Amino acid sequence: MAGEAAQEEYTQDGTVDLRGNPVLRSKRGGWTACWFVVVYEVFERMAYYGISSNLVIYLTTKLHQGTVKSSNNVTNWVGTIWITPILGAYVADAHLGRYWTFVVSSVIYISGMLILTLAVSLPSLKPPRCLESDVENCRKASTLQLAVFYGALYTLAVGTGGTKPNISTIGADQFDEFDQKEKAHKLSFFNWWMFSIFFGTLFANTVLVYIQDNVGWTLGYGLPTLGLAISIIIFLSGTPFYRHKVPSGSPFTRMARVIVAALRKWKVHIPNDPKELYELELEAYAKKGKFRIDSTPTLRFLTKASVKIGSTSPWMLCSVTQVEETKQMIRMIPILIATFIPSTMIAQIHTLFIKQGTTLDRAIGSFKIPPASLTGFVTISMLVSVVLYDRYFVRLMQRWTKNPRGVTLLQRMGIGLVIHIIIMVIASVTEKYRLSVAKDHGLVENKGQVPLTIFILLPQFLLMGIADAFLEVAKLEFFYDQAPESMKSLGTSYAMTTLGVGNFLSSFLLSTVANITKAHGHHGWILNNLNASHLDYYYAFFVILNFLNFIFFLIVIKFYVYKVEISDSIKVLTKELQGRKVRVSNQEESRS
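What comes next concerns the included structure. (Residues numbered from 1 in each chain as written. Predicted model: local features only at pLDDT ≥ 70, side-chain atom pairs only at ≥ 80, totals over all residues. Heavy atoms only, no water.)

### Here we look at the overall build of the chain
For the chain, the count of helices and strands is 20 helices and 4 strands. Relative to a compact globule of 592 residues, whose C-alpha radius of gyration would be 25 Å, the chain shows 26 Å and is just as compact. With the C-alpha coordinates of the chain rotated into their principal frame, the extents come out at 100 × 50 × 50 Å. A buried classification covers 56% of the 592 residues belonging to the chain. A separation of at least 24 residues holds for 83% of the contacts in the chain among residues at least 6 apart in sequence. Element-wise, carbon and sulfur atoms account for 64% of the exposed surface of the chain, whose accessible area totals about 25700 Å². Of the charged side chains in the chain, 57 are positive and 41 negative; the average position of the first set lies 3 Å away from that of the second. (Helix = DSSP H or I, 4+ residues; strand = E, 2+ residues; numbered from the N terminus. Rg over C-alpha atoms; globule rule 2.2 N^0.38 Å. Buried < 20%, exposed > 50% of the residue type's maximum accessible area, 1.4 Å probe, protein only. Contact = heavy atoms within 4.5 Å. Areas by Shrake-Rupley, 256 points an atom, 1.4 Å probe, with all protein chains shown as cover. Lys, Arg positive; Asp, Glu negative; His and termini not counted. Charge placed at Lys NZ, Arg CZ, Asp CG, Glu CD.)

Written as structure tokens, this is what we have:
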């Protein structure tokens, strides 16, 4: 009994300290460790959004770029920010582990922030001030100035590639999936994780944006850099309390081996009895704090990788568990694709939505609202929605569905997709009204300020926050939850990748629509002069795109099979191991 009690004190999921020793549940992990991670995220998000939220305004007013070019430069950079986590996840899972990948990437991240602060501060690194209403008549930035500015931005992007996929996973790793009490805590972790993100974002979208517009870009970028430095110090302070997962090898290599082995054995017949397939012993998984996965009938072709034909090469023979892990990552790809379009909608928040704000009346008495500060309402709406969702919506739905989450993760995502359709309908109608007022006041050609308050844009920003509370939180939790244990970082990077592809897709759509609509002498939908543009048509196009994407999502989820819960699997594993021990002991007794 004493031995069993002592065993219970250690985590069962294979987590260790930095020296590779097993960790006591009472000494490391849990919410004690998570608070360092959550507070880190508040400051780091303040730093990141302190740069990204107002970037389109800096590119327009200081580097003198037009509507399409400035918007695309923002979405291309943001797209890179969200794509690089794939590389970060690979390095963490295959080589350095999550903690050290995060630490090294943080050094790169802060270096990029420091260079960027210098780029916006030194006069020699930016073009001279221009008062022309048409930026096309202003002096452009030199090659050197652009090289320093974009070099800093993309250095920063490389740094975030190592921090983004690993910091949230480090937080989730502090809860043992094999302990029912800790597993229950993890259900709320992702909600509060998103809460911390948007709390830091709120500060950036209000205070920092105001400083950039009214005090100066040096202080406006210097404060985010200081915030990042503070966040890194906070994270490192929590090192004695963290649990760590040992790197389990490249998930890309393991997946590639399954696919190659299946292709090389494409003519091989799959046995009717799954027990004839190749699989490791139960003890091999138990020692690593992992569990074995039984063969499933989905994506049956990949099962050929587990068929025994004599060769033991890892590129010819893979365990059933390895095959099922690969299947699980592939099964999530259609869901991944269905989140690209809503990610494109999110990209509009920091580009065209802000550009619209610059054409409206921003005055409240003597105070002028920075256009980018409207993104703060996305944050506020998100914060309120997450709390209401966690406190009330989940409890209400639990009575009907008996699901501990209230609704399934895919149902939660579906609600977010519907809200995105509503957002673009409202955005299109609002823009049509703005253009009609501009025409009535003769402001189409002279680019004058439209006599409408900037708050007419408020509904689309508020709804975007509500959509995030459903879609973005569920998306992050879904890809983490449904990823195999050995591929959690890659699963988290799936959530990041959707935002990256969404931003690149935004750049592609904006350029394509702008070029097509002004071809053959036509007026064009997207011009530098928004009063002469037709963003209402562009947003209506997004309505159609979102609706078609929602239909695709409904089809995809109809065929999606959720991963087996770990808690159930570990119970089966424990019983089987106990059964083996009983049989072995009985055999020894009979022999004696």
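### Concerning the packing of helix H2 (residues 30-52) against helix H6 (residues 143-172)
For the pair H2 and H6, the least separation of the axes is 11 Å and the interaxial angle reads 155 degrees. Looking at the two axes, H2 sits roughly antiparallel to H6. In the packing of H2 onto H6, the handedness of the crossing is left-handed. Residues Cys 34, Val 37, Tyr 40, Glu 41, Arg 45 and Ile 51 of H2 form the contact with H6, whose own contacting residues are Leu 153, Thr 163, Lys 164, Ile 167, Ile 170 and Gly 171. Residue composition of the contact of H2 with H6, by class: 7 nonpolar, 2 polar and 3 charged. (Axes fitted to C-alpha atoms, helices over the stretch in contact; angles between N-to-C directions. Parallel < 35°, antiparallel > 145°, perpendicular 65-115°, else oblique. Left-handed = near helix turned anticlockwise from the far one by under 90°. Nonpolar A, V, L, I, M, F, W, Y, C, P; charged D, E, K, R; others polar.)

### Quick look at the pattern of salt bridges
Within this structure, the stated rule accounts for 9 salt bridges. Here Arg 405 makes a salt bridge to Glu 477, at a shortest N to O gap of 2.9 Å. Within this pair, whereas Arg 405 is found in the loop between helix H15 (375-401) and helix H16 (409-440), its partner Glu 477 is found in helix H17 (residues 458-482), the two being separated by 72 residues in sequence. Overall, the relative accessible area of 4% leaves Glu 477 in the buried class. Taking the shortest distance from any N to any O, the salt bridge between Glu 472 and Lys 475 comes out at 3.0 Å. Remark: Lys 475 and Glu 472 occur in helix H17; sequence separation between them is 3 residues, near one turn of the helix. Through salt bridges that share partners, Glu 41, Glu 44 and Arg 45 make up one connected network. (Salt bridge = Lys/Arg side-chain N within 4 Å of Asp/Glu carboxyl O.)

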